[in-house]
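Here are the chains, one letter per residue:
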Amino acid sequence: MTATVIDVDHVVAIAQDVFTAMIDGEPGLLTVDAPSDELAGGVHAWVDIQGDAPLRSVVSVGSQGADQIARAVMRLAPGEAVEEEDLTDALGEVANVIGGNVKALVTIPGSLTLPQVTIGGSGPLGGQLMWQAPLRWRSHRLVISMWSLENYGKDVTL
Amino acid sequence: MSLRVIVADDSKVMRQIVKRTIRQAGYDWDVTEAENGAEALELAKAQQPDLVLSDWNMPQMSGIELLRALSASGLDIPLGFVTSEGSPQMRELAASEGALFLIAKPFTADSFRDTIEEFLE
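Side note on the overall build of chain B
Turning to step 1, where the next piece is worked out: Looking only at helices and strands, one finds five helices and five strands in chain B.
Turning to step 2, where the next piece is worked out: Shown N-terminal to C-terminal, the secondary structure of chain B runs as helices and strands in the order β-α-β-α-β-α-β-α-β-α.
Turning to step 3, where the next piece is worked out: For chain B, the residues scored as buried account for 52% of the 121 residues in total.
Turning to step 4, where the next piece is worked out: Contacts in chain B between residues far apart in sequence, at least 24 positions, make up 65% of those at least 6 positions apart.
Turning to step 5, where the next piece is worked out: Total accessible area on chain B is roughly 5400 Å²; 45% of this is exposed by carbon and sulfur atoms.
Turning to step 6, where the next piece is worked out: Computed over 11 positive and 20 negative side-chain charges, the inter-centroid distance for chain B is 6 Å.

Regarding the interface of chain B and chain A
Turning to step 1, where the next piece is worked out: Counting residues at the interface gives 20 residues for chain B, matched by 21 residues for chain A.
Turning to step 2, where the next piece is worked out: Taking both partners together, chain B and chain A bury about 1700 Å²; carbon and sulfur atoms supply 55% of that area.
Turning to step 3, where the next piece is worked out: At the junction of chain B with chain A, the criterion picks out three salt bridges.
Turning to step 4, where the next piece is worked out: Between Asp86(A) and Lys12(B) there is a salt bridge whose closest N-O contact spans 3.0 Å.
Turning to step 5, where the next piece is worked out: Put simply, chain B and chain A have ten residue pairs in polar contact (both at pLDDT 80 or more) between them.
Turning to step 6, where the next piece is worked out: If you list the elements that add at least two residues to the side of chain B that touches chain A, you get helix H1 (12-24) and helix H4 (88-96) of chain B.

Structural notes on the sheet that holds strand E1 (residues 4-8) of chain B
Residues and elements named next belong to chain B.
Turning to step 1, where the next piece is worked out: Read across the open sheet, the five strands follow the order E2-E1-E3-E4-E5; overall the sheet is parallel. With one partner strand each, in any of the chains shown, strand E2 (30-34) and strand E5 (102-104) form the two edges of the open sheet. Going across the sheet, the axis of each strand differs from the next one's by a mean of 20°, ignoring polarity.
Turning to step 2, where the next piece is worked out: Lying on the sheet, H1 is in contact with E1, E2, strand E3 (51-54) and strand E4 (79-83); it crosses E2 at an angle near 170°.

Details of unusual backbone geometry
Turning to step 1, where the next piece is worked out: The residue after Lys105(B), namely Pro106(B), is reached through a cis peptide bond having omega 0°.
Turning to step 2, where the next piece is worked out: Mapped onto the secondary structure, Pro106(B) falls in the loop between E5 and helix H5 (109-120).
Turning to step 3, where the next piece is worked out: A positive phi is found at Arg138(A), a non-glycine position, where the angle reads about 55°.

Observations concerning the nonpolar core
Turning to step 1, where the next piece is worked out: The biggest cluster of nonpolar side chains holds 62 residues, and the ones touching the most others in it are Ile69(A), Ile98(A), Ile144(A), Trp29(B), Leu53(B) and Phe112(B).
Turning to step 2, where the next piece is worked out: In contact with Phe112(B), not counting residues within four places along its chain, are Thr21(B), Ile22(B), Ala25(B), Tyr27(B), Trp29(B), Leu53(B), Ile103(B) and Phe107(B).
Turning to step 3, where the next piece is worked out: The next biggest cluster of nonpolar side chains, apart from the first, holds 24 residues, and it includes Ala8(B), Val52(B), Met61(B) and Leu79(B).

Structural notes on the packing of helix H1 (residues 8-24) of chain A against helix H3 (residues 84-103) of chain A
Geometry of a packed helix pair, given as the angle between the helix axes and the separation of the axes.
Residue and element names in this part refer to chain A.
Turning to step 1, where the next piece is worked out: As a packed pair, H1 and H3 sit with axes 10 Å apart at the nearest point and diverge in direction by 135°. When the axes of H1 and H3 are compared, the pair comes out oblique. For the crossing formed where H1 meets H3, the hand is right-handed. For the pair formed by H1 and H3, the contact residues are Val11, Ile14, Ala15, Val18, Phe19, Met22 and Ile23 on the first element and Glu93, Val94, Val97, Ile98, Asn101 and Val102 on the second.
Turning to step 2, where the next piece is worked out: When grouped by side-chain class, the residues that make up the contact of H1 with H3 number eleven nonpolar, one polar and one charged.

Looking at the sheet that holds strand E4 (residues 116-119) of chain A
Residues and elements named next belong to chain A.
Turning to step 1, where the next piece is worked out: Pairing is antiparallel across the open sheet formed by six strands, whose spatial order is E1-E5-E6-E3-E2-E4. The open sheet is flanked by strand E1 (30-32) and E4, the only strands paired with a single partner. The mean angle between the axes of side-by-side strands here comes to 25°, regardless of whether they run parallel or antiparallel.
Turning to step 2, where the next piece is worked out: Of the strand pairs in this sheet, strand E5 (residues 128-137) and strand E6 (residues 140-148) are connected by nine bridges, and their pairing is antiparallel. Paired with Leu135 across the two strands is Leu142, which belongs to E6.
Turning to step 3, where the next piece is worked out: Each of strand E2 (43-49), strand E3 (55-61), E4 and E6 touches H3; the most contacted strand, E2, lies at about 35° to it.

Points about the confidence of the model for chain B
Turning to step 1, where the next piece is worked out: With 100% of its residues at a pLDDT of at least 70, chain B reaches an overall mean of 95.
Turning to step 2, where the next piece is worked out: ipTM for the predicted complex: 0.91, alongside a pTM of 0.92.

Rules of the game
- Residues numbered from 1 in each chain as written.
- Chains lettered and ligands numbered in written order.
- Predicted model: local features only at pLDDT ≥ 70, side-chain atom pairs only at ≥ 80, totals over all residues.
- Heavy atoms only, no water.
- Helix = DSSP H or I, 4+ residues; strand = E, 2+ residues; numbered from the N terminus.
- Buried < 20%, exposed > 50% of the residue type's maximum accessible area, 1.4 Å probe, protein only.
- Contact = heavy atoms within 4.5 Å.
- Areas by Shrake-Rupley, 256 points an atom, 1.4 Å probe, with all protein chains shown as cover.
- Lys, Arg positive; Asp, Glu negative; His and termini not counted.
- Charge placed at Lys NZ, Arg CZ, Asp CG, Glu CD.
- Buried area = accessible area lost by both parts, 1.4 Å probe.
- Salt bridge = Lys/Arg side-chain N within 4 Å of Asp/Glu carboxyl O.
- Polar contact = N/O pair within 3.5 Å; in protein donor to acceptor, adjacent residues only side chain to side chain.
- Pairing = 2+ DSSP bridges.
- Axes fitted to C-alpha atoms, helices over the stretch in contact; angles between N-to-C directions.
- Core = buried A, V, L, I, M, F, W, Y, C linked by side-chain atoms within 4.5 Å.
- Parallel < 35°, antiparallel > 145°, perpendicular 65-115°, else oblique.
- Left-handed = near helix turned anticlockwise from the far one by under 90°.
- Nonpolar A, V, L, I, M, F, W, Y, C, P; charged D, E, K, R; others polar.
- pLDDT = per-residue confidence, 0-100.

What follows is the structure, encoded as structure tokens:
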């Protein structure tokens, strides 16, 4: 089965709405950025949209950006520490809300998985990259990527 | 009008956001938090709240399972979903199972109030 086509501009618009409503309280702080090197060693949060044409929606941001996102979401006071559990929760929820809205774009979606988050490394393994959207939130790079999981985990007999 | 409300979401951050939005929308509600549907069900049985606001996708017991359990237990407690899954299909499913409303994430205080006000009257 052919993977669902998920329009990158539509997902970027979803992400911008998420940041406006949940993080910034005002529009315009999450913008489209120029492509650059792979964002490794940061925080990667994702959800999978299961079904006949499964997808993975990933949000990746550097460690400082992740810290700032968590602080903004939780309205922490300056100098107040971000616990790793809260950072994971905050980024996971950003990925969850973006992914949930992406699921609404899928013609015949299955279930939405609970968010997963990794700190460090290059993000989740597996799947075929469909597209990457380089973005910038305040001064921090952020990348949304969409992956097809259609043949992920299946044995291929040559 | 002050209501007793249970907010169920496996994300502590999202529970904070919902509570904050309730305040920003101008509601002075007594809010109890639950980390999943199972905890929300036990709290609902104990507290008999005026409203349950529940996420859809939670471990241990999902929002839809919570709604079904509330109904099966004979508790006449209204439940509204606050979820990232706001597609027409999900709204239809929520309504068919007896949910009062479905507020899609991301939401603002204004969009939250617009949905809630209709059901407070």
